Amino acid sequence: MSTKHSKAAAEFLKNKKQAAWHDETLWLVRAKRDRLSKEVPEWEELRDMACATKLYSNSHLDELLVEFENNARANGAHVYWAKDADEYCNIVYNILNQHGVKHFIKSKSMLAEECELNPFLENKGIEVVESDLGERILQLMHLKPSHIVLPAIHIKREQVGELFEKEMGTEKGNFDPTYLTHAARKSLRQKFIHAEAAMTGANFAVASTGEIVVCTNEGNADMGTSQPKLQIAAFGMEKIVPDRESLGVFTRLLARSATGQPITTYTSHYRKPREGGEFHIIIVDNGRSKILADQKHIRTLNCIRCGACMNTCPVYRRSGGYSYTYFIPGPIGINLGMLKAPLHYHDNVSACSLCYSCSFVCPAKVDLAEQIYLWRQDLDKLGKADRMKKVMSGGMKYMMNRPSVFNMALKWAPLANGMPRFLIYNGLNDWGKGREMPKFSKESFNEMWKKGKVK
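If you check an unreviewed UniProt entry, the protein chain appears there as Iron-sulfur cluster-binding protein from Phocaeicola sartorii.

Structure representation (structure tokens):
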């Protein structure tokens, strides 16, 4: 099994102060989620409804997507279908090229990240500006997001201050978040004014109305689309919901799960092109229809990209987003990466403690940990199972199937308690790296039970 993730995680943990800050910050977000969810008496009912709605929508895509297309066209929008990333990127480029666009502004979109839209357009001579503050910071740093909702969560304000000093001429040594935010807004304001086209993703697409819904806290999507007359929106086809009633279920779950807010500051509905303008909508497959055929992993399409699984995951919090080889990290990223290319992203499967916390917090009840467990069972078939683990598992199986051998091992195990430390804590003992090994009990449970000490 590849050790890419474990090596990258070890590198992340070298900066103990930064690693502790990353862990604590994300746990605070998880705690806010818990507090807000408990204020909604019907929270678990909403989760059940979200899961059922997603399973219905994804099993009726042929009906709902066509209904969306018909309604969107009736609203005056242009609708396109893209089977993969190449088609998606080329559709966007052709629209921009036909309108002579050289300055393009967009709000955060994980679909665009998935399909590598930005480098594609930049190679065609189009300036692409990210308007989300976190995404803009990363764009200027030439880095990828490390979290799907909080893309620059790993960047400290001192680093941002140094970046803005270089890029925007801000005051040297001024790391005040409010000051830096105002500086970013001032810089982006010019980009908004001079943009010839704007693009958003979509948190949801409503079949019954042909509209898309974008949820932000900064209002950058609204700013981007308010000035240019050319607007583009794109969404993965699993983002479809039947109607506004079902949309209400998801908007109650999304912000509480993502950032511990009752609702995002801006929930914008885009339905028609602005007067004298054009509205283009792209529906993207890029492997999603393939997931529909996989009954073991179909619930992956329930994901609403809230990031709650990352905020709660003990491995993600302590290893950082860049330790994962798939562009989406954390529990959902492990599953999406394996669905995309299991031989390429199999190293991420080890980045899970199987604590099941991700499954417990997912607002749409994606069975994240259960799916990761299933992927682990497939590693041997893929030829990617760890040899040492196979040897250890074989030894454990041999012992567990033979009571006499098992009881003999229990009898002599306490001898390890008095062994010299170097014999226990060495290069062969991965578990002993960074933690103390438990002491063996002098008396086994079986012995205590036979003596009547436990009942």
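A.B. asks: Would you explain a nonpolar patch on the surface in this entry?
C.D. replies: There is a patch of nonpolar side chains on the surface, built from M388, V391 and M392 and spanning about 330 Å² of accessible area. Following the sequence through the fold, M392 ends up in helix α20 (residues 387-400). Owing to a relative accessible area of 53%, M392 belongs among the exposed residues under this scheme.

A.B. asks: Help me understand the side chain of E114, please; the structure alone is not making it clear to me.
C.D. replies: Here E114 is to be found in helix α6 (residues 110-114). Relative accessible area serves as the criterion here: at 18%, E114 is assigned to the buried category. A polar side-chain atom of E114 sits 2.7 Å from a polar atom in the side chain of N286. Aside from chain neighbours lying at most four places away, what touches E114 is N286, R288 and F327.

A.B. asks: So what exactly am I meant to see when it comes to the packing of helix α9 (residues 157-168) against helix α10 (residues 177-194) here?
C.D. replies: How two helices pack is summed up by the angle between their axes together with the distance between the axes. Here α9 crosses α10 at 35°, and the two axes come no closer than 11 Å. Between α9 and α10 lies a crossing of left-handed hand. Here R157, V160, G161, F164 and M168 of α9 lie close against α10, whose contacting residues are P177, L180, A183, A184 and S187. When its residues are assigned to classes, the contact of α9 with α10 shows 7 nonpolar, 2 polar and 1 charged.

A.B. asks: How do you make sense of the sheet that holds strand β6 (residues 211-216) when you look at a structure like this?
C.D. replies: Two pairing modes exist for strands in a sheet, parallel and antiparallel, and in both the strands are linked by backbone hydrogen bonds. Taken in spatial order, the 4 strands of this open sheet run β8-β5-β6-β9, and their pairing is mixed. With one partner strand each, in any of the chains shown, β8 (240-241) and β9 (266-270) form the two edges of the open sheet. Note that strand β5 (residues 204-206) and β6 share 3 bridges and pair antiparallel. Residue pairing in the sheet places A205 in a bridge with I212 of β6.

A.B. asks: Explain the state of the cysteines here, please?
C.D. replies: Between two cysteines, a covalent bond joining their sulfur atoms is known as a disulfide. For the coordinates displayed, the defined rule picks out 0 disulfides. Left without a disulfide partner, C115 is nearest to the cysteine sulfur of C89, which lies 5.7 Å away. The exposure class of C115 is buried, given its relative accessible area of 6%. Left without a disulfide partner, C313 is nearest to the cysteine sulfur of C355, which lies 6.4 Å away. Classification of C313 by relative accessible area gives buried; the value is 9%.

A.B. asks: I keep staring at helix α1 (residues 4-12) and nothing clicks. Help me out?
C.D. replies: Along an α-helix, a turn takes 3.6 residues, which lines up residues three or four apart on a common side. Those residues of α1 not exposed but buried are H5, A9 and F12. The buried side chains of α1 occupy one side of the element, clustering within an arc of 55° when seen end-on. Contact partners of the buried residues in α1: α2 (16-38) and α15 (314-319).

A.B. asks: Whenever I open this one, the domain arrangement of the protein chain confuses me. Can you help?
C.D. replies: For an interface, size is often stated in terms of accessible area lost upon the parts coming together. Domains assigned within the protein chain are domain 1 (4-30 + 296-378), domain 2 (40-289) and domain 3 (387-450). A C-alpha centroid distance of 29 Å is found between domain 1 and domain 3.

The rules behind the values
- Residues numbered from 1 in each chain as written.
- Predicted model: local features only at pLDDT ≥ 70, side-chain atom pairs only at ≥ 80, totals over all residues.
- Heavy atoms only, no water.
- Patch = residues over 30% accessible without salt bridge, like charges linked within 9 Å, V, L, I, M, F, W, Y side chains within 5 Å.
- Areas by Shrake-Rupley, 256 points an atom, 1.4 Å probe, with all protein chains shown as cover.
- Salt bridge = Lys/Arg side-chain N within 4 Å of Asp/Glu carboxyl O.
- Helix = DSSP H or I, 4+ residues; strand = E, 2+ residues; numbered from the N terminus.
- Buried < 20%, exposed > 50% of the residue type's maximum accessible area, 1.4 Å probe, protein only.
- Polar contact = N/O pair within 3.5 Å; in protein donor to acceptor, adjacent residues only side chain to side chain.
- Contact = heavy atoms within 4.5 Å.
- Axes fitted to C-alpha atoms, helices over the stretch in contact; angles between N-to-C directions.
- Left-handed = near helix turned anticlockwise from the far one by under 90°.
- Nonpolar A, V, L, I, M, F, W, Y, C, P; charged D, E, K, R; others polar.
- Pairing = 2+ DSSP bridges.
- Disulfide = S-S within 2.5 Å.
- Arc of directions from axis to C-beta.
- Domains from an automatic or database assignment.

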